[in-house]
Amino acid sequence: MKNSQDSALRERAARVIPGGMYGHQSTALMPDGFPQFFTKAEGTRITDADGNEYIDYMCAYGPNLFGYNHPDIARAISAQQLKVDAATGPSPLIVDLAEAMVGMVTHADWAMFCKNGGDATMMALMIARAYRGKRKVLVAKKAYHGAMPWNTPRPAGVLPEDRAHLIYFDYNDPQALEDAAKEAGDDLAGIFAAPFRHDTFADQSMPDREYAQAARRIADKYDALLIVDDVRAGFRICRDCSWEAIGVRPDLSAWGKTLGNGQPISALLGNDRARAAASKIFVTGSFWFAAVPMAAALETMRLIRETEYLEHMTMIGESFRQGLASQAADSGFGLRQTGPVTLPMVLFEDDPDFRIGYAFCQAALQRGVYLSPYHNMFMNAAMTCSDIAQTLEATGAAFEDIKRSRASLKPSAALTALADA
Ligand code: PMP
């Protein structure tokens with residue numbers, strides 16, 4: 001596999017981009033040898049700067065729902081580009097899109113649009129506090145809600161004061177939630193809930209109905225707002241808010257990623273209870289009203305409503321999961337595959353420092369399949385049975401590779417440095 005362009009770009013990046021790269025693409029997190037730069041994305045595939053093509057199981061960390069460059073969405077984008085994009089005010093599409101989302105998401109009576117998931121979760125935090133002028137917000141330990149000071153996973157640049165009014169609880173534990181609410185008392189503003197537990201470097205777990213119901217009950221009891229952060233899982237679990245599937249309706253839900261199939265747009269949806277507070281806060285951004293991403297989102301919503309994309313992705317996800325499970329068993333590895341099949345997390349048994357998982361993903365990458373050893377992956381609706389067959393051919397060989405090299409595998413140096421930091 002060629003990587004000379006990638007290496008040259010990394011060298012240049014190290015001079016002009018702090019740390020060479022940042023966020024989830026910071027060089028410390030992905031295994032050595034993973035490309036950093038991509039020149040093309042089409043359907044289920046990405047091509048790196050050296051021309052190597054991969055079947056992509058990260059889907060841009062979520063946004064790619066229908067395949068990169070989906071023709072219907074691309075057409076909607078081109079048509080809108082000829083009319084108006086970022087201008088002095090929004091286009092009529094903002095009303096169409098708000099109506100479309102309110103029509104699809106049962107708990108929602110209104111919508112506000114922004115750019116990133118972190119914008120939407122920040123707005124949720126502000127609305128929860130504006131609602132009754134209270135301060136305390138409950139957040140599950142280790143849950144990711146974006147990279148703002150109140151939630152970024154690394155400590156640099158964050159003050160204890162930024163988190164002074166957050167109270168952490170264990171996901172899926174109704175008693176812990178109850179205790180955290182008691183601690184907040186009559187200062188409880190809101191409860192953040194991930195639709196399911198999807199932390200990095202950990203097994204995923206689905207919420208117990210009892211826990212989700214407790215979150216609703218406690219929010220009502222304290223006159224606080226319940227927020228579901230559907231930024232990552234939205235529209236990969238159902239065509240509605242992910243907690244609709246277990247019958248619990250939040251006051252607010254945060255959306256992003258899939259909304260525009262890759263165009264920059266996110267949303268906060270809310271019910272009438274939260275409407276007055278949402279009207280009071282001042283939030284905006286230079287690009288928040290841009291019309292092109294809204295045109296893409298409207299077309300994405302149409303495809304969500306009118307196609308069997310979710311059923312197809314579920315079928316594809318199941319065959320990926322089953323294929324991996326039988327290959328692992330045949331080659332003597334224990335795999336833990338957790339969470340919904342459309343957002344699969346794959347971790348190895350007896351792999352405390354992730355050396356097996358990292359080596360497995362490196363071996364799959366060499367054979368044209370881009371997987372993550374520490375983050376949940378994402379299915380998209382463009383994936384076909386033949387993509388899965390090609391993937392399983394690569395992963396079958398990857399299992400053989402790591403079986404041979406198992407005794408000599410080393411932990412990732414960058415990961416170890418990160419854990420020590
Ligand atoms: N919430 C969740 C659950 C997420 O997964 C993410 C992004 N991975 C965010 C919020 C933040 O979204 P963004 O990166 O678009 O700001």
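This structure is a prediction, so every number in the text was calculated from the model and none was measured.

**Some points on the environment of Tyr211**
Moving on, step 1. Looking at the secondary structure, you find Tyr211 in helix H6 (residues 209–221).
Moving on, step 2. The class of Tyr211 is buried, set by a relative accessible area of 1%.
Moving on, step 3. Each C-alpha atom of the pair Tyr211 and Leu371 lies 31 Å from the other, and the pair is 160 residues apart in sequence.
Moving on, step 4. The residues contacting Tyr211, other than those within four sequence positions of it, are Phe169, Tyr171, Asn172, Asp173, Pro174, Leu177 and Trp243.

**So, unusual backbone geometry**
In most cases, non-glycine residues show a negative phi, while peptide bonds are predominantly trans.
Moving on, step 1. A positive phi angle, close to 65°, is found at Ala60, a residue other than glycine.
Moving on, step 2. By secondary structure assignment, the location of Ala60 is in the loop between strand E3 (53–56) and helix H2 (71–81).
Moving on, step 3. Despite not being glycine, Asp223 has its phi angle at roughly 50°, a positive value.
Moving on, step 4. With respect to the secondary-structure elements, Asp223 resides in the loop between H6 and strand E8 (225–229).
Moving on, step 5. The class for Asp223 is partly exposed, based on a relative accessible area of 26%.

**Focus: the packing of aromatic side chains**
Moving on, step 1. One pass over the structure, following the stated rule, counts 17 aromatic pairs.
Moving on, step 2. Look at Trp150 and Phe192: their rings are 5.0 Å apart centre to centre, the planes differ by 40°, and that puts the pair in the tilted class. You can see Trp150 sitting in the loop between strand E5 (136–140) and strand E6 (166–169) and its partner Phe192 sitting in strand E7 (residues 188–193), a full 42 residues away along the chain. The same class applies to Trp150 and to Phe192, which are both buried.
Moving on, step 3. A ring pair is formed by Phe348 and Phe360, whose centres lie 5.3 Å apart and whose planes are at 65°; its orientation type is edge-to-face. One end of the pair, Phe348, is in strand E12 (residues 345–348); the other, Phe360, is in helix H10 (residues 355–366), and 12 residues separate them in sequence. Take Phe348 and Phe360: they sit in the same class, and that class is buried.
Moving on, step 4. Taken together, the aromatic side chains of Phe34, Phe38, Tyr54 and Tyr370 make up a single cluster linked through ring pairs.
Moving on, step 5. The positively charged end of Arg132 is found above the aromatic ring belonging to Tyr131, 4.0 Å away from the centroid.

**Comments concerning the pairing of E7**
Moving on, step 1. Most of E7 sits out of view: 6 of its 6 residues are buried.
Moving on, step 2. Note: E5 against E7, 3 bridges, orientation parallel. Within E7, the residue paired with Lys136 across the bridge is Leu188.
Moving on, step 3. The pairing of E7 with E8 spans 4 bridges and is parallel. The residue bridging Gly190 from the neighbouring strand is Leu225, located in E8.
Moving on, step 4. Handedness of the crossover joining E7 and E8 through H6 is recorded here as right-handed.

Parameters at a glance
- Residues numbered from 1 in each chain as written.
- Predicted model: local features only at pLDDT ≥ 70, side-chain atom pairs only at ≥ 80, totals over all residues.
- Heavy atoms only, no water.
- Helix = DSSP H or I, 4+ residues; strand = E, 2+ residues; numbered from the N terminus.
- Buried < 20%, exposed > 50% of the residue type's maximum accessible area, 1.4 Å probe, protein only.
- Contact = heavy atoms within 4.5 Å.
- Phe/Tyr/Trp six-rings, centres within 6.5 Å; stacked < 30°, edge-to-face > 60°.
- Lys NZ or Arg CZ within 6 Å of the ring centre and 35° of its normal.
- Pairing = 2+ DSSP bridges.
- Right-handed = clockwise from strand over helix to strand, strands pointing away.

Purely spatial values, then, with no claim about function.
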